[in-house]
Structures are given as structure tokens and as C-alpha cells.
Amino acid sequence: MLLPSVFILVASSGLFWLAFRRPRPRRWWLPRKSLTNALVPSASLAVGEAVDRQHRHLHAGGLIGEAAFTESRSRFQELLTAGRCEDIELAPGLEFAVQVKALTEVGTADAAAVLERELKREITADPIEQAWYWLDLVIGLRSLNRTAVLPDVLRCADAVAGLLQGTVLAAEAVAFPNFPAALHDLTSPTGRLAVRAVARATRGCREGTIDAAAMVRI
């Protein structure tokens, strides 16, 4: 029992040091380039590239279109009220982030169940595009306090560990309130994934990809 506590203490101390040394805005991911107008891709962009540009724009502070969001939320609310939870499957592409936000705003147990189901589904063969979809879903589920999905979140983060999105997913996993419990048994599959998530999140703070101050405040 002592080893996880020591590990958490060391990791937390490192994050506090990074937060003092490198204060940053309140955002997990710290984009290094301006992406003005990136939400509107050119017609020549492939779907994966368009989704990548859209999400970089959103994570840099861009907004989702209110009309599309309101329409999606109303449609999902009607389906869920009618007990048609199984009929909802989120379509890949530029509407995916809108749909996730809409279900998160609905916020019912059935809406959360849809998000959990989507987290376990392979939506696209493009690893970057898939990573963005996972990140959308994880952010929604964490905001709904669906802590039981943490093992799935850790697996998703590990599957895209070499990507920037994998670093952000690792930070999201560390932010789950039940994350410390995942470190209680470092020999278990979940424990090993949790250790790797802490390492990637800490490295992201050091490299300036992740907002260290935001992690300290969780």
C-alpha cells in the first residue's frame, strides 16, 4: 500500500513544481499555433484531416455552432424519452463533437450509456481521428462523473500513446476522481495502464503540451 502513495506524492510534487515554473492558461492542451477559421475546412480536405483541424480549433477555444448543437440535443432528447437509446449511434465526421456535447448536455443515465457504448466502439481506422473521438467521449463522461469507465479510458489513452491526443487522454484519465484507486495494485492491468498515464501526463506538462497548473487544480 505504501508504493502507490509514494508514487502519487512524487508525481504530485513534480506537477506542483512544473505549475510554479511554467504557469499556463486553464486548458489541458496548449496549442502552439493559431488556428483561426480552422473549424471551416476546405472542400479538398479528407474527413480525417478536417476532423483534426476542427478539434484543434475547438481545443484552442473555438465554439461549436449553436444551431447544430440545439438540433442534435432536441433529436437525442426525443429518442431517449421514447426509450430508443439503442437507436442512437454517433456518426463520424465534423458532427461527432456536436453530438457528444449534445448528449452530455442531456445528461441522463441513458445519454451517458450511449457515450459509454461509443467509447468501446472503433469508429474509424484513422488513429488520429479515432483519438479525437475518444477524447470527445471521455471529456463528456468525466463531466457526467461516470467513473466506472476509467479502465476503458486508460486503454484508449494507451492505444494512442504516441499521439498528442494520447497525452491529453492520459491527463483526462488522471483527472478522474477514482484514478488514485487504480494505483492500488500496480501489478494489475489497470494499475500498469494508470502508471503509464501518469508518466505521459507528467511528460506532457514538462514538454508544454499539458497545462500543469490545471492538473494541480484537479
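Before reading on, note that the structure itself is shown above.
Below is a short write-up of the structure.

Basis of the calculations
Along every chain, residues carry numbers that run from 1 in the direction the sequence is written. Local features in a predicted model are, by the rule used here, given only for residues with pLDDT of at least 70; side-chain atom pairs are given and counted only at 80 or more, and totals for whole chains, interfaces and linings are based on all residues. Side-chain calculation: all heavy atoms of the structure are included, whereas hydrogens and water are not. Axes, fitted as lines to C-alpha atoms, cover a helix only where it is in contact. Angles between the N-to-C directions of the axes lie from 0 to 180 degrees. In this description a helix means any DSSP run of H or I spanning at least four residues, a strand means any run of E spanning at least two, and both kinds are numbered starting from the N terminus. Any angle from 65 to 115 degrees is called roughly perpendicular, while one under 35 is roughly parallel, one over 145 is roughly antiparallel, and all others are oblique. In a left-handed crossing the near helix is turned counterclockwise from the far helix by less than a right angle, and in a right-handed crossing that turn is clockwise. Should any heavy atoms of two residues lie within 4.5 Å, those residues are counted as being in contact. Note on residue classes: Ala, Val, Leu, Ile, Met, Phe, Trp, Tyr, Cys and Pro are nonpolar, Asp, Glu, Lys and Arg are charged, and everything else, Gly too, is polar. Nonpolar cores are built from buried Ala, Val, Leu, Ile, Met, Phe, Trp, Tyr and Cys residues. Side-chain atoms within 4.5 Å join them into one set. Relative accessibility under 20% of the residue-type maximum defines a buried residue, over 50% an exposed one, and the middle range a partly exposed one, all with a 1.4 Å probe and only protein chains included.

Look at helix α2 (residues 47-59) against helix α6 (residues 127-143): their axes get within 9 Å of each other, and the N-to-C directions meet at 40°. Classified by the angle their axes make, α2 and α6 are oblique. Considering how the two elements wind past one another, α2 and α6 form a crossing that is left-handed. Taken together, the residues of α6 that come into contact with α2 (itself represented by Val 47, Gly 48, Val 51, Asp 52, His 55, Arg 56 and His 59) are Ile 128, Glu 129, Trp 132, Tyr 133, Leu 135, Asp 136 and Ile 139. The residue makeup of the contact of α2 with α6, split by class, is seven nonpolar, three polar and four charged.

The subject of this paragraph is the nonpolar core. Leu 90, Leu 103, Leu 119, Leu 154 and Phe 179 are the most contacted members of the largest nonpolar core, which has 52 residues in total. Elements represented by at least two residues in this core include exactly α3 (66-81), α4 (96-106), α5 (109-119), α6, α7 (150-159), α8 (164-174), α9 (179-182) and α10 (189-207). Residue contacts for Leu 103: discarding those within four places in its chain leaves Phe 76, Leu 80, Leu 90, Ala 111, Val 114 and Leu 115.

So, about the environment of Pro 177. Tracing the backbone through its elements, the reader meets Pro 177 in the loop between α8 and α9. Separated by 31 residues in sequence, Pro 177 and Arg 146 have C-alpha atoms that sit 9.8 Å apart. Other than its neighbours up to four places away in sequence, Pro 177 contacts Asn 145 and Thr 147.

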